[in-house]
Amino acid sequence: MRQTMKIEDEIKQSNFKSKYQKAYINLVYTSGWLQQAQAALFKPFGLTLPQYNILRILRGQYPKPATISLLIERMLDKTSNASRIVDKLEAKGLVTRKQCPEDRRTVDVLITEKALALLKEMDGLEGGTKTGIKNLSEQEAHELNRLLDKIRNKE
């Protein structure tokens, strides 16, 4: 088992301006670390994290289609270009697109059976269970969720 690496060791920095700065740097670093670990798990399936996220959203909508604006609203990474990601997923045969019958300016995106089967195969990889998050107890995971929610509180 790998010994716990402190942020100081990971980034080779021993002094921080404050506990808040250290926490912020630790959070940003850990986020990137988790994304890299998750991306490595998804690579054998030919998917990127944003592509997987879109498919996960579409699976939640299934059998109803989703619009691009709904996908953007629900995506974890708000900087991703949902239209471009859908283009790539369509080229892989994982989604279909068609004009919405009710609103001709809107495009409906629907997950394919091929994508549903792929997600089923990948289900054990979701949630960071193979990226270190399981090092936390249930109580620690609950506390982490509470703290992360508190950070996003816009008071």
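Above this text is the structure in question.
Because the structure is a prediction, the values reported are computed rather than measured.

**Some points on the pattern of salt bridges**
Any two side chains of opposite charge can pair if their charged atoms end up close together.
Next up, step 1: For the coordinates displayed, the defined rule picks out six salt bridges.
Next up, step 2: The partner of Asp-87 in a salt bridge is Arg-97, with the nearest N and O atoms 1.9 Å apart. Here Arg-97 lies in strand β2 (residues 95-99) and Asp-87 lies in helix α5 (residues 82-91), a separation of ten residues in the sequence.
Next up, step 3: The salt bridge partner of Arg-152 is Asp-149, with a shortest N-O separation of 2.6 Å.

**Here we look at the nonpolar core**
Next up, step 1: Counting residues in each nonpolar core, the largest one holds 26 residues, and the members touching the most others are Leu-47, Ile-54, Leu-55, Leu-58, Leu-71 and Leu-89.
Next up, step 2: Of all elements in the fold, only α3 (49-61), α4 (68-74), α5, β3 (107-111) and α6 (113-122) reach the threshold of two or more residues within this core.

**Brief notes about a nonpolar patch on the surface**
Next up, step 1: Nonpolar side chains collect at one region of the surface, where Ile-133, Leu-136 and Leu-144 lie side by side and expose about 190 Å² of accessible area between them.
Next up, step 2: Counting through the fold element by element, Leu-136 comes out in the loop between α6 and α7 (138-151).
Next up, step 3: Given the relative accessible area of 32%, Leu-136 is considered partly exposed.

**Here's the deal with the pairing of β3**
Next up, step 1: Here two bridges tie strand β1 (residues 66-67) to β3, and the two strands are oriented antiparallel to one another. Its bridge partner lying in β3, Thr-67 is registered against Asp-108.
Next up, step 2: Bridge count between β2 and β3: five bridges; the pairing is antiparallel. Paired with Val-95 across the strands is Ile-111, a residue of β3.

**Structural notes on the sheet that holds β1**
Next up, step 1: Here we have three strands laid out as an open sheet, ordered β1-β3-β2, and antiparallel in their pairing. Whereas interior strands pair on both sides, the edge strands pair on one side only; in this sheet they are β1 and β2.
Next up, step 2: Packed on one face of the sheet, α3 meets β1, β2 and β3 and runs near 90° to β3.
Next up, step 3: α5 contacts β2 and β3 of the sheet and is inclined by roughly 115° relative to β2.

Reading guide: rules and limits
- Residues numbered from 1 in each chain as written.
- Predicted model: local features only at pLDDT ≥ 70, side-chain atom pairs only at ≥ 80, totals over all residues.
- Heavy atoms only, no water.
- Salt bridge = Lys/Arg side-chain N within 4 Å of Asp/Glu carboxyl O.
- Helix = DSSP H or I, 4+ residues; strand = E, 2+ residues; numbered from the N terminus.
- Core = buried A, V, L, I, M, F, W, Y, C linked by side-chain atoms within 4.5 Å.
- Buried < 20%, exposed > 50% of the residue type's maximum accessible area, 1.4 Å probe, protein only.
- Patch = residues over 30% accessible without salt bridge, like charges linked within 9 Å, V, L, I, M, F, W, Y side chains within 5 Å.
- Areas by Shrake-Rupley, 256 points an atom, 1.4 Å probe, with all protein chains shown as cover.
- Pairing = 2+ DSSP bridges.
- Contact = heavy atoms within 4.5 Å.
- Axes fitted to C-alpha atoms, helices over the stretch in contact; angles between N-to-C directions.

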